[in-house]
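Single-letter residue listing:
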Amino acid sequence: TDAMLKSAATVSVVEQRSTPNALDFTLQINSTTGHKLPTSYPSRRAIVHVTVSNAQNQIVWESGKVKADGSIEGVDADDNGNTYEPHYDQITAEDQVQVYEAIMGNNDGEVTYTLLRGKEYLKDNRILPTGFNKAYAPADVRVVGAALSDSNFIGGSDQISYQIGGLLVGNYTVKAELVYQTLSRAFAEDLFSDTTTP
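Notes on the structure follow. (Residues numbered from 1 in each chain as written. Predicted model: local features only at pLDDT ≥ 70, side-chain atom pairs only at ≥ 80, totals over all residues. Heavy atoms only, no water.)

### Brief notes about the pairing of strand 3 (residues 45–53)
Okay, step 1: Of all the nine residues making up strand 3, nine are buried; the element is thus mostly covered by neighbouring parts of the structure.
Okay, step 2: Burial of strand 3 is two-sided: the residues Arg45, Ile47, His49, Thr51 and Ser53 facing one way and the residues Ala46, Val48, Val50 and Val52 facing the other way are all buried.
Okay, step 3: Examined bridge by bridge, strand 3 and strand 6 (residues 99–105) share three bridges and lie antiparallel to one another. In the sheet register, isoleucine 47 faces strand 6, and the bridge partner there is valine 99.
Okay, step 4: Direction of pairing for strand 3 relative to strand 10 (residues 173–181): antiparallel, over a ladder of nine bridges. From the neighbouring strand, valine 48 faces strand 10, where its bridge partner is leucine 178.
Okay, step 5: Judged from the four bridges that link them, strand 3 and strand 4 (residues 59–63) form a sheet pairing that is antiparallel. Residue pairing for strand 4: valine 52 is matched across the bridge by tryptophan 61.
Okay, step 6: Hairpin connection between strand 3 and strand 4: a loop of five residues separates the two successive antiparallel strands, and asparagine 57 in this loop has a positive phi of roughly 65°. (Buried < 20%, exposed > 50% of the residue type's maximum accessible area, 1.4 Å probe, protein only. Helix = DSSP H or I, 4+ residues; strand = E, 2+ residues; numbered from the N terminus. Pairing = 2+ DSSP bridges.)

This is the structure:
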């Protein structure tokens, strides 16, 4: 399972732009699977974790930091289970985190983590398999939310532009990884809040 996950996607820098007052680059996430990533049970999510370090190897900017309790710094759902992190085409702040996931909604349009209460997806920006055309996808597998109008969220890949301002003039190192979680913090909190089921 670990080997399959490590080969499920690649992360690369596809563009760097020269901007006087910002570190400006674009990441591309490529899926190597034949299904949406992450797939299957909607508790799963993949987070883009990006760090920017200065010449002294000190992290000066970070988006998608995994905390010791499994929550992700800046992800709305990890602070409030009734909300969720939107899909991003451009990230400019540390509390904006690209999270690939399926978020269920109940019959009142509210976030739910209970399968029996799930009526529809409020967000589904899981990375698409190669060849998937989101414009013609049937309702049961369609893209939902801001990813639908993201022109570079296409079959097989997604691009995210980063514009990081407020840095001093100097040399910086950017590191990016895709972090996979089988159980999101909000999903776990909802599960553990059930005190009536033995």
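Next comes the rest of the description.
### Some thoughts on unusual backbone geometry
Okay, step 1: In this structure, the amide linkage connecting leucine 37 to the following residue, proline 38, adopts the cis form with an omega of -5°.
Okay, step 2: Within the secondary structure, proline 38 is located in the loop between strand 2 (22–31) and strand 3.
Okay, step 3: A positive phi angle is found at serine 40, which is not glycine, with a value near 70°.
Okay, step 4: A relative accessible area of 46% means that serine 40 is categorised as partly exposed.
Okay, step 5: The backbone phi angle of asparagine 57 is positive, close to 65°, even though this residue is not glycine.
Okay, step 6: Along the chain, asparagine 57 falls in the loop between strand 3 and strand 4.

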